[in-house]
Amino acid sequence: QLDRYRNRNPLSVKIFFLGASGTGKTTLAKFVCERFRLPLICGVVMNTLQEKGLTWEQVYGDPVAADAFQQGVWERQLEREAKFWESEDSGFVSDRGFDALAYTADHARIVWQLVRGKPFLDYIDRLQTATRTGRAVVFFVRPVDTVLQAARATDNGRRSPFLEPACVHRIDGMIQFLLESNEI
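Now for a quick tour of the structure. All figures in this text were calculated on a predicted structure; none of them were measured in a lab.

1. Digging into the overall build of the protein chain
Broken down by element type, the protein chain carries 10 helices and 4 strands. Helices and strands appear in the protein chain in the N-to-C order α-β-α-β-α-α-α-β-α-α-α-β-α-α. Counting only residues that meet the buried cut, the protein chain has 46% of its 184 residues in that class. Here the protein chain displays about 10,000 Å² of accessible surface, and carbon together with sulfur accounts for 53% of that area.

2. Re the pairing of strand β1 (residues 14-18)
Counting buried residues in β1 gives 5 out of 5 residues, a clear majority hidden from the surface. Here β1 shows no split at all, with Lys14, Phe16 and Leu18 on one side and Ile15 and Phe17 on the other all buried.

3. A word on the environment of Ala82
Summarising the element assignment, Ala82 is placed in helix α5 (residues 63-85). Spatially, the C-alpha atoms of Ala82 and Tyr123 are 9.8 Å apart, while their sequence positions differ by 41 residues.

4. Some details on the side chain of Ser94
With respect to the element layout, Ser94 can be found in strand β3 (residues 92-94). Taking relative accessible area as the criterion, Ser94 reaches 0% and is therefore assigned buried. At 3.1 Å, the side chain of Ser94 and the side chain of Gln77 are in polar contact. In contact with Ser94, other than residues within four places in its own chain, are Ile15, Phe16, Phe17, Ala29, Ile41 and Gln77.

5. Description of the side chain of Asp172
Note that Asp172 resides in helix α10 (residues 165-181). In terms of polar contacts, Asp172 uses its side chain to reach the side chain of Arg142, at 2.6 Å. Sequence-distant contacts of Asp172, defined by excluding residues within four places in its chain, comprise Ala20, Phe140, Val141, Arg142 and Pro143.

Parameters and conventions
- Residues numbered from 1 in each chain as written.
- Predicted model: local features only at pLDDT ≥ 70, side-chain atom pairs only at ≥ 80, totals over all residues.
- Heavy atoms only, no water.
- Helix = DSSP H or I, 4+ residues; strand = E, 2+ residues; numbered from the N terminus.
- Buried < 20%, exposed > 50% of the residue type's maximum accessible area, 1.4 Å probe, protein only.
- Areas by Shrake-Rupley, 256 points an atom, 1.4 Å probe, with all protein chains shown as cover.
- Polar contact = N/O pair within 3.5 Å; in protein donor to acceptor, adjacent residues only side chain to side chain.
- Contact = heavy atoms within 4.5 Å.

Laid out in structure tokens, this is it:
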């Protein structure tokens, strides 16, 4: 399988780290980004929260806010990646991708709208083609108890529900489903 990457310019490959919160995706993405001097796409979730002027309490407590937030995260991720997909010679590293839809399924009511929409179908088609031809690689970062414990320890006392073991494993299962059902 590595043969498809052997002759490819590493600066042109799209690299995704998918997984639940607290699994180390951003740490790995930053390492690869620095090592290969590729642009990094990260911070989509927090940027969307700030952009929409929402708090986590609103997102968790108001279904309308949750829907708007999750749609915003998905649209912003697509937007941030779009300029890199346009050029075959332009790679990037992302600590998020369509795995954001696992959180949509868990916290909002619009996941079926998103996965049936043209943007998602086009995205999956592009990603499937790119992974099969060596233009993209997807790493599924699975939960490890010691990494999750470290993430919870540095959570600044917020006790994020995203870092609770039950949530992490639930999201992990949904991401696995998304990857396998879309043959990525």
